[in-house]
Amino acid sequence: EDLYPWGSVTKMFTAATIMKMVAAGRFRLDDAIAPLVDDLLGKMAAKDPSQNFSSMEELWGPDLAKTTLRQLLGMQSNIPDFDTATPSRGPGMSKDPLRAELYSEPTHFYRPTELMSVPWVANHSRDCKSQLMFGKF
């Protein structure tokens with residue numbers, strides 16, 4: 001019954017799944033992600049009246065709505081990372097607001113809409129400088 005945060009390990013599973021779908025021809029790496037997720041966000045908003053967004057544009061603005069899968073997988077999307085929006089610069093555990101909340105209520109299950117609506121994520125973007133990437137994908 002141990003509880004622990006998944007953290008960044010889910011990025012590997014997500015990337016592998018996306019690349020399998022690209023290989024199967026479901027979409028291309030240079031496709032914008034908004035058309036792929038806006039329908040789902042709209043359905044989520046219809047079910048949860050407290051969700052104050054129904055599209056990527058409503059959540060993060062028109063520029064981020066143009067983000068491609070390639071940018072997302074390369075961590076160059078400028079979409080804020082909800083759990084490290086303000087990481088600690090010193091040694092030890094990160095002191096960002098979400099982790100403080102998660103560790104204070106370890107049995108609370110956070111719905112995706114809760115995580116996307118935290119004040120330091122909703123309606124914000126982050127400057128993501130180009131990263132040196134090896135290989136071509």
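Section: the pattern of salt bridges
Okay, so step 1: A complete count under the given rule lists three salt bridges for this structure.
Okay, so step 2: Residues Asp31 and Arg28 are paired through a salt bridge, measuring 3.0 Å at the closest nitrogen-oxygen approach.
Okay, so step 3: Put simply, Arg70 and Asp30 hold a salt bridge, and the shortest N to O gap is 2.8 Å. Of the two residues, Arg70 sits in helix α4 (residues 69-73) while Asp30 sits in the loop between α1 (9-23) and α2 (34-47), which places them 40 residues apart along the sequence.
Okay, so step 4: The class for Asp30 is partly exposed, based on a relative accessible area of 43%.

Concerning the side chain of Asp48
Okay, so step 1: Looking at the element boundaries, Asp48 is found in the loop between α2 and α3 (56-60).
Okay, so step 2: Those residues in contact with Asp48 that lie beyond four places of it in its chain are Arg111 and Thr113.

Details of α2
Okay, so step 1: Relative to the 20 Å expected for 14 residues at 1.5 Å per residue, α2 spans 19 Å between its end C-alpha atoms, a close match to the ideal helical length.
Okay, so step 2: For α2, every residue scored as buried is listed here: Ala34, Leu41, Met44 and Ala45. End-on, the buried residues of α2 take up no more than an arc of 95°, which puts them together on one face. When the buried face of α2 is taken as reference, the exposed residues oriented beyond 90 degrees from it are Pro35, Asp39, Leu40, Lys43, Ala46 and Lys47.
Okay, so step 3: The inward-facing, buried residues of α2 contact α3 and α6 (112-117).

Observations regarding the confidence of the model for the chain
Okay, so step 1: This prediction gives the chain a mean pLDDT of 75; 66% of its residues lie at or above 70.
Okay, so step 2: In the model of the chain, helix α5 (residues 97-104) stands out as the element of lowest mean pLDDT, 72, in contrast to α2, which has the highest, 92.
Okay, so step 3: For residues 127-135, every residue scores under 50 in pLDDT, and the model assigns this stretch eight contacts once sequence neighbours within four places are set aside.

Side note on the side chain of Thr67
Okay, so step 1: One can find Thr67 in the loop between α3 and α4.
Okay, so step 2: At 2.7 Å, the side chain of Thr67 and the backbone oxygen of Leu64 are in polar contact.
Okay, so step 3: Those residues within four positions of Thr67 in sequence are excluded, and the remaining contacts are Asp31, Ala32, Ile33, Leu72 and Ser77.

Parameters and conventions
Residues numbered from 1 in each chain as written. Predicted model: local features only at pLDDT ≥ 70, side-chain atom pairs only at ≥ 80, totals over all residues. Heavy atoms only, no water. Salt bridge = Lys/Arg side-chain N within 4 Å of Asp/Glu carboxyl O. Helix = DSSP H or I, 4+ residues; strand = E, 2+ residues; numbered from the N terminus. Buried < 20%, exposed > 50% of the residue type's maximum accessible area, 1.4 Å probe, protein only. Contact = heavy atoms within 4.5 Å. Expected span 1.5 Å × (residues − 1). Arc of directions from axis to C-beta. pLDDT = per-residue confidence, 0-100. Polar contact = N/O pair within 3.5 Å; in protein donor to acceptor, adjacent residues only side chain to side chain.

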